Amino acid sequence: MESYSLLIAATLNAGTVLALASLGLLINEKVGIVNLGAEGMMLCAAIAGFATVVHTGNDWLGFLAGIVVGAVLAAIFGLLVIWLNTNQFATGLALTLFATGFSAFVGTSYVQAKIPERASFGIPVLADIPLIGPALFRHHPLVYLTVVLALAMIWFMYRTRSGLVMRSVGESPESAHALGYPVRRIRLLAVVVGGALCGLAGAYIAVIYTPLWVEGMVAGKGWIALALTTFATWRPARVLLGAYLFGGVTMLQFHLQGVGVEVPSQFLSMLPYVATIVVLALISRNPAWIRINMPASLGKPFYPGS
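Residues numbered from 1 in each chain as written. Predicted model: local features only at pLDDT ≥ 70, side-chain atom pairs only at ≥ 80, totals over all residues. Heavy atoms only, no water.

In this section: the environment of Pro 116. Assignment of secondary structure puts Pro 116 in the loop between helix H4 (88-106) and helix H5 (132-136). Taking the C-alpha atoms as reference points, Pro 116 and Asn 58, 58 residues apart in sequence, are found 8.9 Å from one another. In this structure, Pro 116 is in contact with Val 53 and Gly 57, ignoring residues within four places of it in sequence. (Helix = DSSP H or I, 4+ residues; strand = E, 2+ residues; numbered from the N terminus. Contact = heavy atoms within 4.5 Å.)

With that out of the way, let us pick up a nonpolar patch on the surface. Where nonpolar side chains cluster on the molecular surface, the patch consists of Leu 61, Leu 64, Val 68, Val 72, Ile 76, Leu 79, Leu 80, Trp 83 and Leu 84 and spans about 790 Å² of accessible area. Examined against the element boundaries, Ile 76 turns out to sit in helix H3 (residues 59-83). Owing to a relative accessible area of 46%, Ile 76 belongs among the partly exposed residues under this scheme. (Patch = residues over 30% accessible without salt bridge, like charges linked within 9 Å, V, L, I, M, F, W, Y side chains within 5 Å. Areas by Shrake-Rupley, 256 points an atom, 1.4 Å probe, with all protein chains shown as cover. Salt bridge = Lys/Arg side-chain N within 4 Å of Asp/Glu carboxyl O. Buried < 20%, exposed > 50% of the residue type's maximum accessible area, 1.4 Å probe, protein only.)

Before going further, it helps to spend a moment on the side chain of Thr 96. Structurally, the position occupied by Thr 96 is in helix H4. You can call Thr 96 buried: its relative accessible area is 7%. In this structure, Thr 96 is in contact with Leu 36, Gly 37, Ala 38, Glu 39, Gly 40 and Trp 223, ignoring residues within four places of it in sequence.

Turning our attention to the packing of helix H2 (residues 38-56) against helix H9 (residues 183-209). With their axes 7 Å apart at the nearest point, H2 and H9 run at an angle of 55° to one another. Relative to H9, the element H2 is oriented oblique. Between H2 and H9 the crossing geometry is right-handed. Counted together, Ala 38, Met 41, Met 42, Ala 45, Ala 46, Gly 49, Phe 50 and Val 53 of H2 and Gly 195, Cys 198, Gly 199, Ala 201, Gly 202, Ala 203, Ile 205, Ala 206 and Val 207 of H9 form the full contact between these two elements. Considered class by class, the residues forming the contact of H2 with H9 number 13 nonpolar, four polar and no charged. (Axes fitted to C-alpha atoms, helices over the stretch in contact; angles between N-to-C directions. Parallel < 35°, antiparallel > 145°, perpendicular 65-115°, else oblique. Left-handed = near helix turned anticlockwise from the far one by under 90°. Nonpolar A, V, L, I, M, F, W, Y, C, P; charged D, E, K, R; others polar.)

This is the structure we're talking about:
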């Protein structure tokens with residue numbers, strides 16, 4: 001039973017990374033912008049967060065550094081695709097390629113660095129409950145704040161006027177512009193906020209999830225987060241559930257190895273990506289369902305004069 005408790009704990013930890021990044025990309029896509037630069041933003045944020053914690057010893061300053069780096073890179077991406085109307089897909093890929101190389105260059109001197117020891121986290125009383133405590137109540141506060149963030153996004157998107165405006169920009173930017181809403185500024189704000197969440201996810205990887213810096217340590221999580229938005233049909237609650245599902249698949253490989261299941265390690269490493277492909281293939285069997293839930297202007301440029 002203890003092994004299952006550890007598996008649940010690891011699933012929540014891994015799912016937090018995917019949830020933060022996916023929620024950020026969801027905000028982008030709700031206003032019609034596809035950002036393929038998530039992987040690169042997370043890498044740059046990871047080295048920024050890790051370096052900050054190495055020098056300050058403060059996790060929250062590391063998270064803040066990741067947020068700032070993610071937001072800045074997203075702002076550059078936003079200016080290019082929203083104001084200059086560059087191709088969203090090509091620009092996002094260019095951002096990932098640049099950020100991957102840049103993070104590797106900047107992080108060279110931090111490969112052997114170590115983060116200062118920190119006190120263990122846990123909710124008083126609840127953390128001491130056998131089995132349940134280690135599984136659910138001994139996580140970093142950001143794990144619980146991620147759930148709160150998802151709930152706050154649900155309320156904002158579907159219960160506030162600002163959320164309605166944001167969704168209208170994604171559905172019909174021309175109509176929103178005709179009503180007097182600054183479509184480009186709304187899109188840029190959404191892109192920056194989304195980038196900040198991707199940056200927070202990257203910093204969480206380097207500071208909490210695997211407290212070290214290694215080149216390419218995000219290891220495809222940005223791409224899985226991108227796929228999760230489609231898997232969740234652009235709904236925050238489904239994003240959260242999907243993140244924990246994929247987090248569990250990721251951690252299953254270590255659990256199986258721990259209990260002595262003889263499966264090639266290469267096959268186990270493939271599991272998260274195989275699961276991503278299978279889920280997307282199953283969802284794509286019903287194109288009408290995708291069209292109903294997908295923002296109508298997703299990936300399309302907006303020309304105010306048209």
